[in-house]
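# Inside the fold
Chain by chain, the residues run as shown.
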Amino acid sequence: MRLDKFICKSTELTRTEAKKLLKTGLVIVNGEVVKNGACQVHENNTITVEGEVLTARQSRYIMMHKPEDTICSNVDEVYPSLFHFIDVDKAWDMHIAGRLDADTTGLVLITDDGRWSHNIISPKKHCVKTYRVWLRDVIAEKVIDEFKEGVQLQGEKSLTRPAVLRIVADKEVLLSITEGKYHQVKRMFAAVGNKVVGLHREQVGEIKLDDDLAPGQWRYLTEQEVLSV
Ligand code: URA
């Protein structure tokens, strides 16, 4: 990880304060003064400030039940950021592993471990995300096969990857996809002439949204959940 990030993870300093500290020349990596915050450091490096060895705080992994009319961004826009709901130290240093639209509810995973979130977000990893979808029109059975084969989204070069559609009721389905294109679920139903009127993420990989979490509530992931990714 970057040295300035490591300093933030091992002290109470913000990224800007860490950069200022680096400029003073007081940060020593393996016996040498390093002033460049972009310098890459590893767990086996010895990093000291005025002789005191820094140890990085453990990474944090959170699941949250995203309420409607909130956004998955670190800054507020038309709607407030989800980070307002998370009352932990330096919550703003964390990021969201797979964003949801403002009007989508459900499971959001939040962490400061970039390698972990990469396994969720990267299209190459094929991590399955399952959504409960409410539709404007009755779902046609043939859409099961259409989604299995892939549909053409407007403006995309290739078909969507094979997706699993399970019909729950006339206008309610579960959809499992392994990619996360912009507005993917809404665009998939638009591609077959239907319209999403409600969207809720229930599961990411092996991690299911905890029924005990009301909208706006969160909890740390269990070790088993963290290791499942
Ligand atoms: N697909 C969408 O269209 N919106 C979301 O929020 C997530 C997936």
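Residues numbered from 1 in each chain as written. Predicted model: local features only at pLDDT ≥ 70, side-chain atom pairs only at ≥ 80, totals over all residues. Heavy atoms only, no water.

## Details of the domain arrangement of the protein
- Along its sequence, the protein is organised into domain 1 (3-53) and domain 2 (61-220).
- Every contact between the two is made by six residues of domain 1 and, on the other side, four residues of domain 2.
- A combined buried area of about 370 Å² lies between domain 1 and domain 2, and 26% of that area is made up of carbon and sulfur atoms.
- Of all residues in domain 1, the largest losses of buried area upon contact with domain 2 belong to Lys5, Lys9 and Glu12, amounting jointly to 66% of the total for that side.
- Viewed at the interface, domain 2 and domain 1 are joined by zero salt bridges.
- The interface formed by domain 1 and domain 2 includes three residue pairs in polar contact (both at pLDDT 80 or more).
- Among the residues making up the side of domain 1 that touches domain 2, the classes are represented as two nonpolar, one polar and three charged. (Domains from an automatic or database assignment. Contact = heavy atoms within 4.5 Å. Buried area = accessible area lost by both parts, 1.4 Å probe. Salt bridge = Lys/Arg side-chain N within 4 Å of Asp/Glu carboxyl O. Polar contact = N/O pair within 3.5 Å; in protein donor to acceptor, adjacent residues only side chain to side chain. Nonpolar A, V, L, I, M, F, W, Y, C, P; charged D, E, K, R; others polar.)

## Some points on the nonpolar core
- In terms of nonpolar packing, the biggest core is built from 31 residues, with Ile110, Val133, Phe147, Leu175, Val185 and Phe189 touching the most fellow members.
- Counting only elements with at least two residues in this core, the list comes to strand E5 (61-66), strand E7 (105-111), strand E8 (129-135), helix H4 (142-149), strand E10 (172-177), helix H5 (184-191) and strand E11 (196-204).
- When sequence neighbours within four positions are dropped, the list of residues in contact with Val185 reads Tyr131, Val133, Leu175, Ile177, Val196 and Leu199. (Core = buried A, V, L, I, M, F, W, Y, C linked by side-chain atoms within 4.5 Å. Buried < 20%, exposed > 50% of the residue type's maximum accessible area, 1.4 Å probe, protein only. Helix = DSSP H or I, 4+ residues; strand = E, 2+ residues; numbered from the N terminus.)

## Quick look at the site of the ligand
- Looking at the ligand, the residues that line it are Leu100, Asp101, Thr104, Tyr131, His183, Gln184, Val185, Lys186 and Leu199.
- His183 is positioned with one of its backbone polar atoms (N or O) 3.2 Å from an oxygen atom of the ligand.
- Lys186 has a polar backbone atom sitting 3.1 Å from an oxygen atom of the ligand.
- In this structure, the ligand is accommodated by the second largest pocket. (Near = heavy atom within 4 Å. 1 Å grid on protein atoms, 1.4 Å probe; cavity = no way out; pocket = protein on both sides within 12 Å on 5 of 7 lines; lining within 4 Å. Sits in = over half its atoms within 2 Å of the grid points.)

## Quick look at helix H1 (residues 3-10)
- Counting buried residues in H1 gives seven out of eight residues, a clear majority hidden from the surface.
- Listed as buried for H1 are Leu3, Asp4, Phe6, Ile7, Cys8, Lys9 and Ser10.
- Looking at the packing, one finds that the buried side of H1 touches helix H2 (15-23), strand E1 (27-29) and strand E3 (47-49).

## A closer look at the pairing of E7
- Across the seven residues of E7, seven count as buried, placing the element largely inside the fold.
- Across six bridges, E5 lies against E7 in antiparallel orientation. Counted as the bridge partner of Ile62 is Ile110 from E7.
- Pairing between strand E6 (residues 95-96) and E7: two bridges, direction antiparallel. Considered in E7, the bridge of Ile96 is made with Ile110.
- Examined bridge by bridge, E7 and E11 share two bridges and lie parallel to one another. Looking at the pairing, Thr105 lines up with His200 of E11. (Pairing = 2+ DSSP bridges.)

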